Every structure is written in structure tokens, then in C-alpha cells.
Amino acid sequence: MVLFSFDIHTFIALLCIGNLMTASLLLAYRSGSAMHRTYRQFLLGKLLQTLAWGLLALHGVIPDLYAITIGNGLLLAGFAGEALVITTAGVRRRRVENGFAALVAVAILLSSLWAHNPADHVLIASLMAILLFGTAAALILWQTPDVSRLHRIFGWFYALFCLILALLVAVVELTPNESVPVAQALALLMVYLFMLTGGTGFLLLLKEQDDRRLRAADHDLTEREKRLHQQSLLLDQIQDHVTVTDLQGIVTYINRAQAVTLGTPPAARIGCHVSSYGAGPQSDASQPEILAATLTQGAWRGKVVNACADGSQIILDLRTTLVRDEAGEPVAMVGIGTEITERLQ
């Protein structure tokens, strides 16, 4: 029975210190990086719980208005913030947010109007906590789509917490006063374990979400690589010469027809400036002029002379186009050249 004779204020102080340490670790975990809304909301919930337990620990030292009424209100608000994050898994659900806020408001109103002593405040706070986490458990287990195994474990954990808390409330209300300290000690011990599990579980949920996003990004990257490979195969079937460059005129891609005709493998051409294609008197413009016209006008067409690896030259009817992204910003240039050497001879 040594455990149950443990000073209640010590339990409350441990809860205050524990929540403060959890908040500190969360801040250190995300130090120097942008905080997602979900993370900020969970952190705020922990800070509110820290402040609430601090006020409750001062019961008897400061007025009950601050220690009990405001302390219980802040505690429920912190519980609501934590439960909301776990319940919604970072997805904004306005109805759930409004419902949790309404529960906290009702608890504060009841405490102000109906509670006449500390026991009444504790009873109201306990019942509202049961309703709050019971709602969270129901939403996770039965209404949240595509819930993960870890998320579902949280739902059952919340349900178990509500069941044990309800039993302890019943013990306090239906048994002699001698059992109250025991029930309070058990309740605070359970809340302490709940706090530790909540902080650890939240970090695990964050990691699970990051892993899910990484898998999605990896899948998108794989699909994009497949599409690029297919496009490359299609371009290799074209008999025209296809060249892709960046905005400075550095070659980033050539198709198979160009590599075969010029006798230069893609690896040797990629990374070179377009001026490496050479020039001749039959060209309508030099490579720098073509580059400037494409950048300023969005397109260019004319005859150019390209030098082959064996020293010979070919004449191309070249069409260039400035490529833009979805936002309309230029990102690359593409040139398509049709060989017309024999036609001009």
C-alpha cells in the first residue's frame, strides 16, 4: 500500500514535468525545420497540459479559480488537442474540431455553474475526458477510412483508457471515502502512462506518415522514370534529329537517329554546348543566334550545318521550341532537325 499512500501532489508534479519534457523533446526533434500544422497542434496540447498540471499542483496555494477551474479547463483543452491530432491523423476535419471544442466549452461551463467543491470539478473533468477520448476512439475505429494498424492500436488504447477511468470514477462515487485516495492514485498513474504512450505514439505516427509519403514519392518517381524511358524509346524511332538543351544551351538529350548520323554517342554529346555542332556558310544563323532567338521569341526555324565525327557536314531543316512548365516558366529548349543535305545538292 506504499504506492497508494504516495502524495497526490507528487503525482501531479510528475505529470507536469513529464509533459514539459515531452514538449521539449518534440521541440528538439523538429528544431530548425518547418513545423507541420499537426505537429504544432500536438505540441500546443502538451504545453496546455503542462500548464494545467502546474496549476493543479498549486491547489491550496493559489485560489481554486486558478488551480481547479482554469486548471481543469486547460487540461481538457490539452487533451482535446492531442486527441484531435491522433484522431484525424493530420487531415483537417472541421466537424471533429468543432465537436471537441464544444466538449471543452461545456466542461468549463459546467465547472463554473454546477461544481461547488474540488470533488465536483474532478468528476466533471473525468466524465468529459471519458466522453472526449471515447469519441476519439469511436472515430478512429469506425469512421476513419483506411486506418493503419498503429492508428487502430491508438483507438483501442483510448477505449481502454476510457473504460478504466469510468471504473475509477464509479469506485470514487459509490464506495466509502477511504477508497478515494487509492482510486485517485490509480487514475493519476494511468494518466502518467497515457502521457508517455501518447508522446511516443505521436512520433511513431509522424514516422508512419513520413514513410507513407516516401513510398508514394518513390512510386511516382518510378512511374515517371517508366514514362521517360517509354518517351525515349519513341524518340529513338524517329528519323529526325532530336536535341534537348537547358536554357544555357547545354545538351541534355539526343535521340538515336542523331547519334548514328553524326557518329557521336549520346554520352559524348550530353553536357556539351550546342556550339559543338559546328557551323557552315549555308547556315541561316549561328548556334548562339538560334539560342537567343528561341529564348526571346519562343521558337526558331531555318537551315543549319552540323559537323559529323568523320569530318563531313550535313544540312538540317531545324525547328526549335522553348519548353515551359505548368506555371508558364521556361525550363528547356528542344530542337528537331530534318536532314535535307541530298535535297539541296
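Quick look at the structure, then. All of these numbers come straight from a predicted model, not from anything done at the bench.

**Comments concerning the side chain of Gln258**
Here's step 1: By secondary structure assignment, the location of Gln258 is in helix H8 (residues 256–262).
Here's step 2: Engagement of the side chain of Gln258 in a polar contact is seen with the side chain of Tyr277, the distance being 2.4 Å.
Here's step 3: When neighbours within four sequence positions are excluded, Gln258 is seen to be in contact with His241, Val242, Thr243, Gly263, Arg269 and Tyr277.

**Some details on the nonpolar core**
Here's step 1: Ranked by size, the top nonpolar core spans 49 residues in total, and within it Trp53, Phe79, Ile86, Phe100, Phe133, Tyr158 and Phe202 carry the most contacts.
Here's step 2: Looking at this core, the elements that each hand over two or more residues are helix H1 (8–29), helix H2 (37–57), helix H3 (64–88), helix H4 (94–113), helix H5 (118–143), helix H6 (149–174) and helix H7 (180–237).
Here's step 3: Here this core takes eleven residues from H5, the largest share from any one element.
Here's step 4: Excluding residues that lie within four positions of it along the chain, Ile86 makes contacts with Phe42, Ile140, His151, Phe154, Tyr158, Phe202 and Leu205.

**What to know about the sheet that holds strand E1 (residues 241–245)**
Here's step 1: The strand order across the open sheet built from five strands is E2-E1-E5-E4-E3, with neighbouring strands paired in antiparallel fashion. Lying at the two open borders of the sheet, with one neighbouring strand each, are strand E2 (251–254) and strand E3 (299–307). Pairs of neighbouring strands in the sheet enclose a mean axial angle of 25°, with direction left out of account.
Here's step 2: Those strands touched by helix H10 (residues 287–297) are E3, strand E4 (313–324) and strand E5 (330–339), and its axis lies near 160° from that of E3.

Rules of the game
Residues numbered from 1 in each chain as written. Predicted model: local features only at pLDDT ≥ 70, side-chain atom pairs only at ≥ 80, totals over all residues. Heavy atoms only, no water. Helix = DSSP H or I, 4+ residues; strand = E, 2+ residues; numbered from the N terminus. Polar contact = N/O pair within 3.5 Å; in protein donor to acceptor, adjacent residues only side chain to side chain. Contact = heavy atoms within 4.5 Å. Core = buried A, V, L, I, M, F, W, Y, C linked by side-chain atoms within 4.5 Å. Buried < 20%, exposed > 50% of the residue type's maximum accessible area, 1.4 Å probe, protein only. Pairing = 2+ DSSP bridges. Axes fitted to C-alpha atoms, helices over the stretch in contact; angles between N-to-C directions.

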